[in-house]
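Observations on the model geometry
So the chains spell out like this:
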Amino acid sequence: MLQVTDIIDRVRAYQPAADTDLIRRAYDYSEKAHTGQKRKSGDPYFIHPASVAGIITELRLDTASVCAGLLHDVVEDTLATSKDIEREFGSEVASLVDGVTKLGKINFTSKEDRQAENFRKMVVAMARDIRVLLIKLCDRVDNMRTLEHMKPDSQERIARETLEIYAPLANRLGIQAFKSELEDLSFRWLEPDSYIEVQQAVQKTKKERERYIQDVSKTLAGRLAEQGFAADVSGRSKHLYSVWRKMKANECTIEQIHDLIAFRISVESVSDCYASLGVIHSRWTPVPGRFKDYIALPKPNMYQSLHTTVIGPGRERIEIQIRTHEMNRVAERGIAAHWKYKERHGGGIADSDAQRFGWLRQLMEWQKDLKDPAEFLEGVKVDLFQDEVYVFTPKGEVRVFPRGSTPVDFAFAIHSQLGEHITGARVNGKLEPLRYKLRNGDVLEIVTAPHQQPSKDWLDIAVTTRARAKIRNFLRQEQRDKSLKLGRELVEREFQKGSVSLTKLLKNEPELRKVLEALSVAHLDELFIAIGYGKIDSKDVLDVVAPPSVDGAKSFPPEQLREGRLAGFVRKVIKGDDGGIRLNGIDDVLVRYAKCCNPLPGDDILGFITRGRGVTIHRRGCPKAFDTDPERRVEISWDSKAKINRSVQLRVVTANRPGILATVGQTFSTLSINISEANCRAGDDGKAINVFTFICSDLTQLKSVIRALQKVPGVVAVERT
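Within each chain, residues carry numbers counting from 1 in the order of the written sequence. Restriction of local features to residues with pLDDT of at least 70 applies here, the model being predicted, together with a cutoff of 80 or more for giving and counting side-chain atom pairs; totals for whole chains, interfaces and linings are based on all residues. Hydrogen atoms and water are omitted, and side-chain values are computed over all heavy atoms in the structure.

1. Description of the overall build of the protein
Labels follow the DSSP assignment, with helices taken as runs of H or I lasting at least four residues and strands as runs of E lasting at least two, numbered in each case from the N terminus. Within the protein, the regular secondary structure consists of 31 helices and 24 strands. Within the protein, the fraction of its 721 residues that count as buried is 49%. In what follows, residue pairs with any heavy atoms lying within 4.5 Å of each other are defined as contacts. Within the protein, residue pairs in contact and separated by at least 24 positions form 66% of the contacts whose partners lie at least 6 positions apart. All accessibility values rest on the Shrake-Rupley procedure with a 1.4 Å probe; residue burial counts only the protein chains present in the view. Accessible area of the protein: about 36400 Å², with a carbon and sulfur share of 48%. Only protein chains enter the accessibility calculation, which uses a 1.4 Å probe. A residue is then buried if its area is under 20% of the maximum for its type, exposed if over 50%, and partly exposed in between.

2. Overview of the state of the cysteines
Cysteine sulfur atoms are paired as a disulfide whenever they fall within 2.5 Å. If you walk through the whole model with that rule in mind, you get zero disulfides. Just so you know, Cys597 is unpaired, no disulfide at all, and the nearest cysteine sulfur is the one on Cys622, 3.8 Å from it.

3. Re the packing of helix α13 (residues 206-226) against helix α15 (residues 270-283)
All axes are obtained by fitting lines to C-alpha atoms, using only the stretch in contact for helices, and the reported angles, taken between N-to-C directions, cover 0 to 180 degrees. At a minimum axis separation of 10 Å, α13 and α15 run at an interaxial angle of 120°. Two packed elements cross with a definite hand, and for α13 against α15 that hand is right-handed. Touching Leu220, Arg223 and Leu224 of α13 are Ser276, Val279, Ile280, Ser282 and Arg283, all from α15. For the contact of α13 with α15, the per-class residue count stands at four nonpolar, two polar and two charged. By definition, turning the near helix anticlockwise from the far helix through less than a right angle yields a left-handed crossing, and turning it clockwise yields a right-handed one. Gly is put with the polar residues, along with every residue not named as nonpolar or charged; the nonpolar set is Ala, Val, Leu, Ile, Met, Phe, Trp, Tyr, Cys and Pro, and the charged set is Asp, Glu, Lys and Arg.

4. With respect to the sheet that holds strand β11 (residues 422-427)
In spatial order, the strands read β12-β11-β13; together these three strands make up an open sheet with antiparallel pairing. Where the open sheet ends on each side, the last strands, each with one partner, are β12 (430-432) and β13 (444-448). Recorded for the sheet is a direction-independent mean angle of 30° between the axes of neighbouring strands. Examined bridge by bridge, β11 and β13 share five bridges and lie antiparallel to one another. Bridged to Val427 within β13 is Leu444. The strands that helix α20 (residues 407-414) touches are β11 and β13; relative to β13, the one it contacts most, it runs at about 85°. Should DSSP find at least two bridges between two strands, the strands are regarded as paired.

5. Looking at the packing of aromatic side chains
Any two of the Phe, Tyr and Trp rings considered here, Trp counted by its six-membered ring, make a pair once their centres fall within 6.5 Å; the pair's planes then place it as stacked at under 30 degrees, edge-to-face at over 60, or tilted in between. Applying the stated rule across the entire model yields ten aromatic pairs. Between Tyr294 and Tyr303, the aromatic rings sit 6.0 Å apart at their centres with planes inclined by 70°, giving edge-to-face as the arrangement. For Tyr294, a relative accessible area of 12% gives the class buried. The interplanar angle of 40° and the centroid separation of 5.9 Å between the aromatic rings of Phe401 and Phe410 together place this pair among those described as tilted. Residue Phe401 shares its accessibility class with Phe410, and that shared class is buried. Linked through ring pairs, Phe187, Tyr195, Tyr241 and Trp244 together constitute an aromatic cluster.

6. What to know about the nonpolar core
We call a set of buried residues a nonpolar core when its members are Ala, Val, Leu, Ile, Met, Phe, Trp, Tyr or Cys and they connect through side-chain atoms within 4.5 Å of each other. The biggest cluster of nonpolar side chains holds 58 residues, and the ones touching the most others in it are Ile7, Val93 and Phe178. Considering every element that reaches this core, the biggest residue donor is helix α9 (residues 131-145), with eight residues. Phe178 has contacts with Ile55, Leu59, Leu137, Cys138, Val141 and Ala170, leaving out every residue within four places of it along the chain. Among the nonpolar cores identified, the runner-up in size contains 36 residues, and Tyr195, Val202, Val243 and Ile257 belong to it.

7. Regarding the sheet that holds strand β21 (residues 646-655)
Strand pairing in a sheet is mediated by backbone hydrogen bonds. Such pairs are either parallel or antiparallel. Read across the open sheet, the four strands follow the order β22-β23-β21-β24; overall the sheet is antiparallel. Each edge of the open sheet is held by one strand with a lone partner, namely β22 (675-682) and β24 (715-720). When the angles between neighbouring strand axes are averaged without regard to direction, this sheet yields 15°. Pairing analysis gives seven bridges linking β22 to strand β23 (residues 687-696), with the strands arranged antiparallel. By the bridge assignment, Asn679 is partnered in β23 with Val691. Where helix α30 (residues 660-670) meets the sheet, its contacts fall on β21, β22, β23 and β24, and the angle it forms with β23 comes to roughly 20°. Its contacts with the sheet place helix α31 (residues 699-710) against β21, β23 and β24, and it is angled at close to 165° to β24.

8. Considering the environment of Ile254
Along the chain, Ile254 turns up in the loop between α14 (240-250) and β2 (261-267). Residue Ile254 is classed as buried on the basis of its relative accessible area, which comes to 12%. Once residues within four sequence positions are removed from consideration, Ile254 is found in contact with Val198, Ala201, Val202, Val243, Met247 and Leu260.

9. Quick notes on the pattern of salt bridges
By salt bridge we mean one thing: a side-chain nitrogen of Lys or Arg within 4 Å of a carboxyl oxygen of Asp or Glu. Taken as a whole, this structure holds 17 salt bridges when the rule is applied. Salt-bridge contacts for Arg39 lead to Asp142; the nearest nitrogen and oxygen are separated by 3.8 Å. With Arg39 in the loop between α2 (20-33) and α3 (47-58) and Asp142 in helix α9, this residue pair connects regions lying 103 residues apart in the sequence. This pair shows no difference in class: Arg39 is buried, exactly as Asp142 is. A salt bridge links Asp62 to Arg131; the shortest N-O distance between them is 2.6 Å.

10. Here's the deal with the packing of helix α12 (residues 192-204) against α14
The geometry of α12 relative to α14 is characterised by a closest axis approach of 10 Å and an angle of 105° between their N-to-C directions. Relative to α14, α12 is oriented roughly perpendicular. In contact with Ser194, Tyr195, Glu197, Val198, Gln199 and Val202 of α12, α14 contributes Leu240, Val243, Trp244 and Met247. Classifying every residue of the contact of α12 with α14 by side-chain character gives seven nonpolar, two polar and one charged. Oblique is the label for any angle not under 35 degrees, not over 145, and not in the 65 to 115 range, which are roughly parallel, roughly antiparallel and roughly perpendicular in turn.

The analysis is restricted to geometry; functional conclusions fall outside its scope.
Spelled out as structure tokens, the structure:
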């Protein structure tokens, strides 16, 4: 077990002015609090907090963090409270212990809202004080090192949680040593057979590999010394999980993986890094496409290095990383390497470095936009744990996105308004669609249009949490507004039948309250929205206001709510005609177009109120329209100004002869119609069946297309499918 003197000596080595008395008191307090408690292994429990404090000193964190490491389980597992910790050790240590305690309650593998909500709280805590997460990472490292004493189901759960959440977070925080160790330990418990197989295969060639590393390191150091560079050269085998992942990705054996060895060169300055790269490339042939410059474009976790892969001695592919001594320090300890010690105010991160961890602040902002905590958990996994691509704004600013991001993600990252009106992007001067996948080095300029709005399809295009949250919010609000309008107008129509004035009801507070209570809704807007969605029938509202008589005969509403004849007549006469679908005079409603018959403006149509989806529109002759519940059918007509582009299909039967398909295609082109999909099949009877899908604005345009196709020589039949 790590003794208090060992911990104090380690802290003094990097922070001579540390408050060692505080560390000693925390050590004694924790040891006393955990007296009698045992770990699963049978060892005294206090071995764990002492080990965690030791790991924290490896990151060279401040005194408060070391104390919090010693005390991190005291509140959770003993009678001590947060107030006791604050009284004994101050608010800073108490705050860190409280944060780590809350993190300990999270089960990331659970799909329950409560657990995902805890994850959201964790991110907020991280953004306020990242030391909480660093302490938790040290705690997880020690727990993973002793996982063999847990039950098999606990081993798998903890290992998966570590691999999916903690190892990627260690990577994002730049702590490479933690990342590699956590991945290998998780791999051991999640894929035990594969772990043993890879371990044994690597072990077989260990001596040979060590000799190779020694020879190449000597050659590299000598070559660089000849050119006047004082360089530290070291080599290492890649860790087991990374080897196994390569084997899986390439579907190969370990013998077929060539770059198992990585060499690291540490030099004095940035200019020496680039000069050393030149020396290496002049000696050994570089592998095309395997050079990465993380010095000019650092990773978000502040990692900087030059990476190159060359064909080294024995025709072996070797990876070489070149960096300065300072960059190496950051690569090993990540954000902890940027910790600044302040005598009076405890530890903290310098402002310039804190800005470089803006992704953490963004997480805190984005979580406010997301209503569903589980959705937030999935989004965070995408934003934090994927490989990044680096792109530029037209002004040359670097922006970092998860791999697979599109111009939609870029636009929403700049500004919500820009995102909502994006139509495409100029990427390196060339116009690209919304689905374009961003690549490293792209320069993006967003193209917008004032009338453009987000659609459901954008959720298949966007990758980042921010973009997806903003799109969902917009769609929810739009759907809410439409269902509110539809609900109100459906109630109006129902009230007109029963000679009830909606205006008078809205002004009559007691009657309105009676309606809301009877239908179990909190407020008026909620009532209209529920009716628009089809959750409540508009007739139910009328039945509350004017209940039907016992014998079923028509009843009359209270005198104060009756509609005057003149008012109803005037409303029908002055009803506007301002575009869109009209449902018995109701315009711009929440509608869906049935895929079975694909109605177009101009078709004779019928509406059906669908529960939760507003109104579904069918062509009147559609067989499925007659399968619908007659009670829920509504008369519906196209507005005279309707401009609704719909996807339609035409089945064109032609003679099977050369050139006819080109003639048919030219006919569409002449009418300025773009074919989005074509399915052509030749039969044995000398005919060909061609199904064309295209966008059409109305029935008139469709008829003109059909007429034009019927005139083409060789076209036998044209019909709408």
